[in-house]
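Fold and contact review
This is what each chain is made of:
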Amino acid sequence: MTLEQLKKDVRNVPNFPKQGIQFKDITTIISNPEELRFMRDKLADAYRNKGITKVVGIESRGFILAPAVAIELGAGFVPIRKQGKLPAETIEISYEKEYGIDFMQIHKDALGPDDVVLLHDDILATGGSMLAAVELIRKLGVKTIYANCLIELEGLNGKRFLADRGIDCDCMMGIEVDE
Ligand code: AMP
């Protein structure tokens, strides 16, 4: 298994969910057992020596690999969810989506000062979601946050957007947004 192969197998779905969007569909790579394992191992290996205590996934496609990686690292899994989904006391942050403002939430007691966090999502596009998630986690006063995405959509400058705000987001592969 190689990264090149993995990259090739991400399915591009034109005009989903609306006209003009090239949707990068990862269901084709997570349904392949070798590719699923490859991604899990590669991700876990990159963070094995960092003392990660919690892997945080961003709803919903961040929930696919994050728990698998958490188990590999001997860490716990924590969800960041859309507004109104988490049952206990939450903190929230607003962020800009294509059509206005949205909110993401995390349980207030999910993370604390002893935590070293690996934050994961499937795709980095503009970087707005990742920035909001980092800022949300920072409110809980954790020790360190490592940001990670499976795929960077090249051409949207998400990595630069985050770097300008002091966040180094590591991505396993880059795919041209219009590819
Ligand atoms: P952004 O906040 O612009 O970085 O968008 C990132 C979020 O939107 C991630 O959770 C992605 O799953 C999703 N996303 C954005 N663009 C795409 C795309 N072209 N294909 C698939 N998912 C996308």
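In case you missed it, the structure is sitting above this.
In this text, all values refer to a predicted model and were calculated from it rather than measured experimentally.

Some details on the site of the ligand
- Residues in contact with the ligand amount to 13 residues; listed here are only the nearest, D121, D122, T126, G127 and S129.
- One of the backbone N or O atoms of K24 is found 3.0 Å from a nitrogen atom in the ligand.
- Those elements giving two or more residues to the shell around the ligand turn out to be β2 (22–25), β7 (116–124) and α5 (128–138).
- Grouping the amino acids of the shell around the ligand by side-chain chemistry returns four nonpolar, five polar and four charged.

A short note on the pattern of salt bridges
- Summed over the entire model, instances satisfying the criterion amount to 10 salt bridges.
- With a shortest N-O distance of 3.0 Å, E59 and R81 are connected by a salt bridge. With E59 in the loop between β3 (54–58) and α4 (62–73) and R81 in strand β4 (residues 76–82), the pair connects residues that are 22 residues apart, well separated along the chain.
- Salt bridges sharing partners connect three or more residues here, namely R40, D41, D45, R48 and E72.

Considering α5
- Of all 11 residues in α5, eight are buried, a share of seventy percent or more.
- Of the residues making up α5, those classed as buried are G128, M130, L131, A132, A133, V134, L136 and I137.

Looking at the sheet that holds strand β8 (residues 144–154)
- If you trace the seven strands from one edge of the open sheet to the other, you get β5-β6-β4-β3-β7-β8-β9, paired in mixed fashion. The open sheet is flanked by β5 (90–97) and β9 (169–176), the only strands paired with a single partner. Taking the axes of each pair of neighbouring strands and ignoring which way they run, one obtains an average angle of 20° across the sheet.
- On top of the sheet, α5 reaches β3, β4, β5, β6 (100–107), β7, β8 and β9; it is set at about 160° to β5, its chief contact.

Procedures and definitions
- Residues numbered from 1 in each chain as written.
- Predicted model: local features only at pLDDT ≥ 70, side-chain atom pairs only at ≥ 80, totals over all residues.
- Heavy atoms only, no water.
- Near = heavy atom within 4 Å.
- Polar contact = N/O pair within 3.5 Å; in protein donor to acceptor, adjacent residues only side chain to side chain.
- Helix = DSSP H or I, 4+ residues; strand = E, 2+ residues; numbered from the N terminus.
- Nonpolar A, V, L, I, M, F, W, Y, C, P; charged D, E, K, R; others polar.
- Salt bridge = Lys/Arg side-chain N within 4 Å of Asp/Glu carboxyl O.
- Buried < 20%, exposed > 50% of the residue type's maximum accessible area, 1.4 Å probe, protein only.
- Pairing = 2+ DSSP bridges.
- Axes fitted to C-alpha atoms, helices over the stretch in contact; angles between N-to-C directions.
- Contact = heavy atoms within 4.5 Å.

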